[in-house]
2 protein chains.
Amino acid sequence: MKSARLILPALLSLTAVTANAESLTPSHKENRCQKEMRERGYGMFIHFGMNTFIDKEWSEGVEPATTYNPTELDCDQWVRTARDAGFKYVLLVTKHHDGFCLWDSAVTDYDVASSGNTTDVVKAVSDACRKYGLEFGVYYSLWDRHEPTYQEEDFSGYLKFMDAQLTELLTNYGDVCEIWFDGGWDKKPEAWNIPHIYELVKSLQPNCAMGVNNSAYLPATDLSANIYGSADPDHMTGEYDVQFGYFPMDFRLKDPYIANWRDNKIYNVDGEDYYLPFEHTICLSKQWNWFQKDHPMETRDVDELEELFYRTTANNNTLVVNVPPDERGLMRQNEINTLLELRDRIGLNPKDKKFRHKSLNTPISMGQPSRATSVYSDEYGPEKAFDGGLYRRWASTEPACQLEVDLPAGKTFDRISIFEYMDEVVAPDGFSRRRTNRITDYTIDAYNNGEWETIYMSTEPMGDCKVINFAAPQRAERLRLNVRNATAPPSIYEFSVYSSEK
Amino acid sequence: MKSARLILPALLSLTAVTANAESLTPSHKENRCQKEMRERGYGMFIHFGMNTFIDKEWSEGVEPATTYNPTELDCDQWVRTARDAGFKYVLLVTKHHDGFCLWDSAVTDYDVASSGNTTDVVKAVSDACRKYGLEFGVYYSLWDRHEPTYQEEDFSGYLKFMDAQLTELLTNYGDVCEIWFDGGWDKKPEAWNIPHIYELVKSLQPNCAMGVNNSAYLPATDLSANIYGSADPDHMTGEYDVQFGYFPMDFRLKDPYIANWRDNKIYNVDGEDYYLPFEHTICLSKQWNWFQKDHPMETRDVDELEELFYRTTANNNTLVVNVPPDERGLMRQNEINTLLELRDRIGLNPKDKKFRHKSLNTPISMGQPSRATSVYSDEYGPEKAFDGGLYRRWASTEPACQLEVDLPAGKTFDRISIFEYMDEVVAPDGFSRRRTNRITDYTIDAYNNGEWETIYMSTEPMGDCKVINFAAPQRAERLRLNVRNATAPPSIYEFSVYSSEK
């Protein structure tokens, strides 16, 4: 509901208040806030709101509040599921781009209090988090397609509105471990006054880690030119060069990119180095929808989820997995089943108080000499499949082709993962997409003492992410992917060869 | 090599000798020979010989002996692989239908002694079995397409030839745990004088278990009419009615059929009940070739192998898996890798001295009331998918269709396996075949309290055998397979719902 006046915090005293907060300072190491973030490590992202009830990913803020109307809302089920699945925190979408608020906000009527179900979802979820021993974080969209002050020439009205909403979220729901800002791209970065927001957040929740989506990226440069590694904006489905954006923040965000294995989190800003971990966001759904649709959707394969888990929690980065409840207000059983299978596959224990980092050794294939029988162009050279990231890729001009890599001498290996480039079809919602792979018949061959020997073979479609585990350690001077048939010339984002040897 | 005279055993004293043997007598329980067979449980079947060197499954006995010419023969590798993979015995094809012998037989020149590699493979394998602590068994083809006496009007010459060869095999290679006769179908059953062969075997190897392929089957009758259950000749790819054949034997054989879950091994012969376990034979290769081809071939999926393992070792039956060496005389690495993965999946320990029976509880879906939205004909009713066997099947007339089963009240479940009917294309060798499934988009739905809920979903081809494991126990009053898309009207051999509850 909307009250007669805006209740604003005592902003003038911010500088004094934040003296107690763990704010960002130049460093090559994590600070306390970042350490706590690492110790949470694995979170459940929950998109729920207006878009759950219409067949759109991003509604325009014009749907009546009553369209939101979950009939069997059970936030306890959401958080219980998160706990059972081994997550250590929940990141709740409190307001998406459409401006609809999942709590009773004093500064707008476009909220649950005016909807078909007046439950304060922010309260219900934060209460359940305390009940189940999980931490609680909030997502908040800077962009607001409903709030009238957003459209005014003088943007200060909206900034005050935001201050009021953030103060509500960070005052009325207990400890908030993290705040995740989205939608900043609708304005120039400086419009948001990020330093002020950062100070406000820290004044209200000194231990809250703050990040802004699309922020804190260096452009994709030659990794070898930067001793700090830098985070190549690796991504499974697209390619962008993103300039450094918002500052300060405690961690980097660029949904849905995946950091390079070599990400070391050090960024130079105005001559000073800052340590900035990366929080990864992935969808449980195979079709990459963030809000649930009116029918059950297929989840990603557990192979792909497991491999992404290892990649995204490597190097002390963190991962949130989006698990959206449906229009009943319940998480769907097929998605819960996948989460529990993933938990068991990785070996997560819900009883662990802190996230126990589980990862694979750095791939022994990374940066090794490579070659291919066919190369689409220099930009798609074979080395791209071994560069540690999912951003660049090798591409062939022929359906039947071979990709080969030299392995370091004396090392065994016992796991291979392959991320293949996928053809995509956009779903009717204009956002979700269906991926189909190209490789349908292939072998993995090992070269030893002058001879190639097949160590794995399949005549089934490679799938979204192919993981091959070997029960006994394998040896090879060289290893190759031999594609015998494909529906189109194959392309490989990354071919990773892992060794569990210490 | 062929010696001037046949060296025949002292057949006249057979009856006296077999007094020490554990021969078959009427019983409802296993005898010592059958107990030892059960305690072996899981064996490696090795097809190697003339057909390894030509692109045929069944050569005609006309290839010169020198065509057999392995260049890197290493029988130690075969048996070491068997040991590593958790097998407890090896079953070696000593002579296939073409008559070529893998040992130096005194009664024929069509053997290794006249070939490109004179190694006595029977000796090398039996020696390696002793070295690695495995038991040793032999396969022998009754049918012989090379030996001239086989063609004579008076068949007694060939029977003597066989006696001589069996005496060699059962005298010169230490303990033989099992003898597996094949090819009997080329003559009428009585032509072979099975009682005589049985007596000969027991006289030379009192503890050797004997079986004859295509034997000891009752016709496919209504199971409920027989309190002993009977072994329905379940099979993944064909349908036959086979009459009871050879007798006596210690165990039943019908390659490559899979017994019904309810198989209880009791058969009535001439008014007496006999206990007859079943030894299953499956190929590691997906294309169902028994001899290796000149190129690596894909193995079955580990899901299918695991599910078949549980089905075939249920009810104290046994399983042999065929792993053929190639023309080098080596087992191929991709096949070894699959075997080791299967070992780990099942949890077999190569250090166990005896086979440790591992199985699943009887499917809770078996024999439960069922229905379908489409039925091809009475013969293909929905109940066929829940009859405990892979012989009969439900078939639809529509690509999109539903198959539904009522589950027993109060039971949870945590595993589902689905064997789908596959379309087959015969390979150029005229024997091997490639299977392709039909179902490409489906859900598994659970019915509780008046509502259906999806608990699993896939838009990938179902594959040869789909296994779905649930990390948490599921409940359902009814369960259904909801096929949303298929390349042809689906058909299901068996839909099994398992509970790990005791």
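Predicted, not measured: the structure shown is a model, and the values here were computed from it.

Reading the values: the criteria
- Residues numbered from 1 in each chain as written.
- Chains lettered and ligands numbered in written order.
- Predicted model: local features only at pLDDT ≥ 70, side-chain atom pairs only at ≥ 80, totals over all residues.
- Heavy atoms only, no water.
- pLDDT = per-residue confidence, 0-100.
- Contact = heavy atoms within 4.5 Å.
- Least-squares fit on C-alpha atoms with pLDDT ≥ 70 in both.
- Core = buried A, V, L, I, M, F, W, Y, C linked by side-chain atoms within 4.5 Å.
- Buried < 20%, exposed > 50% of the residue type's maximum accessible area, 1.4 Å probe, protein only.
- Helix = DSSP H or I, 4+ residues; strand = E, 2+ residues; numbered from the N terminus.
- Pairing = 2+ DSSP bridges.
- Axes fitted to C-alpha atoms, helices over the stretch in contact; angles between N-to-C directions.

1. Details of the confidence of the model for chain A
Close inspection of predicted coordinates is inappropriate for parts of the model with low pLDDT.
Residue and element names in this part refer to chain A.
Link 1 in the chain: Residues with a pLDDT of 70 or more make up 90% of chain A, whose mean pLDDT is 89.
Link 2 in the chain: In the model, residues 4-19 has pLDDT below 50 throughout and makes 22 contacts with residues more than four positions away in sequence or in other chains.
Link 3 in the chain: Note that pLDDT drops below 50 for residues 216-243; the model gives that stretch 91 contacts with residues more than four away or on any other chain.
Link 4 in the chain: On the interface metric, ipTM, the complex scores 0.90, and its pTM is 0.91.

2. Details of the relation of the copies chain B and chain A
Link 1 in the chain: Note on the copies: chain B fits chain A at an RMSD of 0.0 Å, the axial shift is 0.0 Å, and the rotation between them is 180°. Both copies are brought into coincidence by an operation consistent with a two-fold rotation axis. Scanning chain B for the C-alpha nearest the rotation axis identifies Pro461(B), at a separation of 4.5 Å.
Link 2 in the chain: The residues that chain B uses at the interface reappear at the interface of chain A in 100% of cases, marking a shared surface.

3. As for the nonpolar core
Link 1 in the chain: Membership of the largest hydrophobic core comes to 89 residues, with the highest contact counts inside it found for Trp78(B), Val125(B) and Phe181(B).
Link 2 in the chain: In terms of residues, this core owes the most to one element, helix H5 (residues 156-171) of chain B, which gives seven residues.
Link 3 in the chain: If we skip the residues at most four places from it in the chain, Val125(B) touches Cys75(B), Trp78(B), Val79(B), Val90(B), Leu92(B) and Phe136(B).
Link 4 in the chain: The next biggest cluster of nonpolar side chains, apart from the first, holds 88 residues, and it includes Tyr68(A), Tyr140(A), Ile258(A) and Tyr267(A).

4. Let's talk about the sheet that holds strand E18 (residues 451-458) of chain B
All names here are of chain B.
Link 1 in the chain: The sheet built from five strands is open, its strands ordered E11-E13-E20-E17-E18 with antiparallel pairing. Bordering the open sheet on either side are strand E11 (370-372) and E18, each of which pairs with just one other strand. Neighbouring strand axes in the sheet, compared pairwise and without regard to direction, differ in orientation by 20° on average.
Link 2 in the chain: As judged from the eight bridges shared by strand E17 (residues 439-448) and strand E20 (residues 478-486), these two strands associate in the antiparallel manner. Across the sheet, the residue bridging to Tyr-442 is Val-483, located in E20.

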